[in-house]
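# Results of the structural survey
Single-letter residue listing:
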Amino acid sequence: MSAPWWETGVLYHVYLRSFQDSNGDGVGDLRGLTHRLPYLSWLGVDTVWVSPFYVSPMRDFGYDVQDHTAVDPLFGTLDDFDEMLARAHGLGLRVIVDWIPNHTASDHRWFEASRDPSSALRDFYYWRDGGEDTVPNNWPSAFGGPAWSRDGRSGAHYLHLCLPEMPDLNWHNPAVEKAQFEVARFWLDRGVDGFRVDVAHWIGKHPDLPDNPPDDGSAFINPAKPPSAFDRVAHIYDMDGPLAHAVYRRFRALLGSYDPPRMAMGEIHLGDLKRWAAYYGADDELHLPAYFGLLSVPFDAEALAAAILQQEGALPAGAWPTYVLGNHDEPRLASRIGAERVRLAAVLLLTLRGTPTLYYGDELGLESISVGEAAARDPLGMRVPGLGRDGGRAPMPWTAGVQAGFCPAAATPWLPIPPGYHARSVACQQRDFASLLHLYRKLLYLRRQHEVLQRGALADVAVRDGVLSFVRLWKAEQVRVCLNFGRQPAALPAGKVLLRTGTGSLLGSNEAAIIAVQS
Ligand code: NOJ
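A brief structural summary. The structure displayed is predicted, hence computed values, not measured ones.

### Digging into the overall build of the protein chain
Helix and strand counts for the protein chain come out as 15 helices and 20 strands. The C-alpha atoms of the protein chain give 23 Å as radius of gyration, which agrees with the globular expectation for 519 residues (24 Å, within 12%). With the principal axes as the frame, the protein chain shows a C-alpha extent of 75 × 50 × 45 Å. Counting only contacts in the protein chain whose residues sit at least 6 apart along the sequence, the fraction spanning at least 24 positions is 67%. Summing over all exposed atoms, the protein chain offers an accessible surface of approximately 19,400 Å²; the carbon and sulfur share of this is 52%. Between the averaged position of the 48 positive side-chain charges in the protein chain and that of its 60 negative side-chain charges there is a distance of 6 Å.

### As for the state of the cysteines
A complete count under the given rule lists 0 disulfides for this structure. Cys407 supplies the cysteine sulfur nearest to Cys428, a cysteine that is in no disulfide, at a spacing of 17 Å.

### Focus on the packing of aromatic side chains
As enumerated under the stated definition, the model contains 33 aromatic pairs in all. With a centroid separation of 4.9 Å and an interplanar angle of 85 degrees, the aromatic rings of Phe111 and Tyr125 are classed as edge-to-face. Pair noted here: Phe111 is in helix H4 (residues 109-114) and Tyr125 is in the loop between H4 and strand S6 (127-128), with a separation of 14 residues, a long-range link. Tyr125 shares its class with Phe111; the two are buried. For the pair Tyr248 and Phe251, a centre-to-centre distance of 6.4 Å together with 75 degrees between the ring planes defines the contact as edge-to-face. In this pair, Tyr248 and Phe251 both sit in helix H6 (residues 242-256), 3 residues apart, roughly one turn of the helix. Joined through ring pairs, the aromatic side chains of Tyr12, Phe19, Tyr39, Trp42, Tyr359, Tyr360 and Trp398 make up one cluster. Arg122 extends its terminal NZ or CZ atom over the ring of Trp127, reaching a point 4.1 Å from the ring centre. Its guanidinium or amino end placed over the ring of Tyr360, Arg332 lies 4.6 Å from that ring's centre, counting from NZ or CZ.

### Brief notes about the site of the ligand
The full set close to the ligand counts 13 residues, and Asp60, His103, Asp198, His328 and Asp329 are the nearest of them. Contact between the ligand and Asp198: an oxygen atom at 2.7 Å from a side-chain N or O atom of the residue. Interatomic distance of 2.8 Å between a side-chain N/O atom of His328 and an oxygen atom of the ligand. In isolation the ligand exposes 290 Å². Once the protein is present, 96% of that is buried.

### With respect to the pattern of salt bridges
According to the stated counting rule, one finds 26 salt bridges in the structure shown. The partner of Arg196 in a salt bridge is Asp98, and the shortest N-O contact between them spans 2.8 Å. Placement of Arg196 in strand S9 (residues 194-197) and of Asp98 in strand S5 (residues 94-99) is noted, with a sequence separation of 98 residues between them. For Arg196, a relative accessible area of 3% translates into the label buried. For Asp98, a relative accessible area of 2% corresponds to the buried category. Between Arg196 and Glu267 there is a salt bridge whose closest N-O contact spans 3.3 Å. In this pair, Arg196 is assigned in strand S9 and Glu267 in the loop between strand S10 (263-266) and helix H7 (273-277), connecting sequence segments 71 residues apart. Here Arg196 and Glu267 have matching classes, each one buried.

### Remarks on the sheet that holds strand S8 (residues 157-159)
The strands making up a sheet are joined through hydrogen bonds of the backbone, oriented either antiparallel or parallel. Strand order in the open sheet formed by 3 strands is S6-S8-S7, and the pairing between neighbours is antiparallel. If you trace the sheet from one side to the other, it starts and ends with S6 and strand S7 (148-150), each paired once. Alignment of S6 against S8, held across 2 bridges, turns out to be antiparallel. Bridge assignment links Trp127 to a residue of S8, and that residue is Tyr158.

### What about the nonpolar core?
Membership of the largest hydrophobic core comes to 154 residues, with the highest contact counts inside it found for Tyr12, Phe195 and Phe251. By residue number, the principal contributor to this core is helix H10 (residues 342-351), which donates 8 residues. Not counting the four nearest positions on each side in its chain, Phe195 is found in contact with Ile96, Val97, Asp98, Trp99, Ala184, Trp187, Leu188, Phe251, Leu255, Met263, Ala264 and Met265.

### Observations concerning the packing of helix H5 (residues 174-190) against H6
Packing of H5 against H6 leaves a shortest axis separation of 11 Å and a crossing angle of 30 degrees. Classified by the interaxial angle, the pair formed by H5 and H6 is roughly parallel. For the crossing formed where H5 meets H6, the hand is right-handed. Here Glu177, Phe181, Ala184, Arg185 and Leu188 of H5 lie close against H6, whose contacting residues are Val247, Arg250, Phe251, Leu254 and Leu255.

### Examining the environment of Ile203
Within the secondary structure, Ile203 sits in the loop between S9 and H6. Sequence separation between Ile203 and Ala244 is 41 residues; the distance between their C-alpha atoms is 5.7 Å. When neighbours within four sequence positions are excluded, Ile203 is seen to be in contact with Pro101, Asn102, Trp171, Leu243, Ala244, Val247 and Tyr248.

### What about H5?
In a regular helix each residue adds 1.5 Å, so 17 residues correspond to 24 Å; H5 covers 25 Å between its end C-alpha atoms and thus fits that length. Looking at H5, one finds that the buried residues are Val176, Glu177, Ala179, Gln180, Phe181, Val183, Ala184, Trp187 and Leu188. Measuring from the side-chain oxygen of the N-cap residue of H5 to the backbone nitrogen of Ala175 gives 2.9 Å; that N-cap residue is Asn173. Directly after H5, the chain includes Gly191, whose backbone phi takes a positive value near 115 degrees.

### Some thoughts on the sheet that holds strand S11 (residues 288-289)
Pairing is parallel across the open sheet formed by 8 strands, whose spatial order is S11-S10-S9-S5-S2-S1-S13-S12. Two strands lie at the open edges of the sheet, namely S11 and strand S12 (322-324), each paired on one side alone. With 4 bridges connecting them, S5 and S9 associate as parallel partners. Of the residues in S9, the one forming a bridge with Val97 is Phe195.

Rules behind the numbers
- Residues numbered from 1 in each chain as written.
- Predicted model: local features only at pLDDT ≥ 70, side-chain atom pairs only at ≥ 80, totals over all residues.
- Heavy atoms only, no water.
- Helix = DSSP H or I, 4+ residues; strand = E, 2+ residues; numbered from the N terminus.
- Rg over C-alpha atoms; globule rule 2.2 N^0.38 Å.
- Contact = heavy atoms within 4.5 Å.
- Areas by Shrake-Rupley, 256 points an atom, 1.4 Å probe, with all protein chains shown as cover.
- Lys, Arg positive; Asp, Glu negative; His and termini not counted.
- Charge placed at Lys NZ, Arg CZ, Asp CG, Glu CD.
- Disulfide = S-S within 2.5 Å.
- Phe/Tyr/Trp six-rings, centres within 6.5 Å; stacked < 30°, edge-to-face > 60°.
- Buried < 20%, exposed > 50% of the residue type's maximum accessible area, 1.4 Å probe, protein only.
- Lys NZ or Arg CZ within 6 Å of the ring centre and 35° of its normal.
- Near = heavy atom within 4 Å.
- Polar contact = N/O pair within 3.5 Å; in protein donor to acceptor, adjacent residues only side chain to side chain.
- Salt bridge = Lys/Arg side-chain N within 4 Å of Asp/Glu carboxyl O.
- Pairing = 2+ DSSP bridges.
- Core = buried A, V, L, I, M, F, W, Y, C linked by side-chain atoms within 4.5 Å.
- Axes fitted to C-alpha atoms, helices over the stretch in contact; angles between N-to-C directions.
- Parallel < 35°, antiparallel > 145°, perpendicular 65-115°, else oblique.
- Left-handed = near helix turned anticlockwise from the far one by under 90°.
- Expected span 1.5 Å × (residues − 1).

Following this line, the structure appears as structure tokens:
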């Protein structure tokens, strides 16, 4: 039986603002992406996830949607979107886009209408009475401060787990589901292959909005970032209730009603893996609830092995894992783990059992840029010191020329071009077969040649003398992956070497090898 494309393929995450500017305003756009699609096809990824391009006031760079079914002029037009999609499909690439169910921009017509207490749309959002100085409950916002703001017009408070300009939709109102499913249908009918569901679990709020209890240890703490007040809370009533699961069962049915069926990957940050894994449902909710565990453990053999086994152990029978090592909300992978380990990361991401998501620029080894206060753009960083996300969102360096080929010389890129981009650029690395970019390409090619790397079971996850190793098994094929996180060289296991990041008779420190084992 053949496996669905979302299980065998590799996702590439394009942060659109930073990928390729086509019109000289210093911001990446849809035409720019279309122009660069052949690169993605050369690289060998299968699916492109395009970050939000809908009409938005851009306070959270597009995650605050003002009009779900129109393209923001900053990114182009609906025709540009159609052209990008057609071009991608023509190249054999699939495209998924963000579906943002939990909130809208406060400029959305739904919210504008709901500010009037007598509006038929009042219940589209969570409105509660409260005093001038008292909020309806103790929930914090992920963007700092309380999750409630008072509307000057009616004096009532509305709920927002993100910015005050991003009010949360009330999914207990069936009209919200209807409206958001229509949004999904709009893009599905245009031909998108699926969605990345933004903070998927946040829609499941308790209908009475009770206070959350103090932290019970189930909070999702990412040691790569200073824990915020939001991270320290036990998220019991503000998210992840039964309503979310009921919605995703219906959402899955909607996706399944298309021929061929479409896919949903979910963004779900929950420290409790049981609660996280529940989003697979009985194979009737999200196809790929993204697993972020590898972002929040030290990048060493023991910690990674434990996280991999923990996620595998939490999966319901038949569920397919998915791994992330970087995204637009995190510091850059190379900065987090150290430049000397980026090759280990490449091999790990592309050989584990599961669907990998590769964040644009990680294939070049980009590091986080430091953005001074004056140039800072991310509202999260401005509100919660230490949580700024600009560092991992710098423009993609395409060439060693002016502005790295991202935008014309006269334009000002929306964030600084990464320093030292010349040698890191796509053009330079394409010329160097020993580059990190070529390693990613070779790994992606190898995955296509060896079904075992795409579909094989995972076995024998072990750590010895700093070497993390595991086996992938598929029919008669067996492959062993060895990653030397230790300081000392290690022995190479017997078998045919399919790919190595080093040379010599031993597996050096920070080197990896993929070996075909005779069974
Ligand atoms: C998660 C997205 O990845 C992040 O960038 C955004 O700020 C929040 N959701 C709010 O939509």
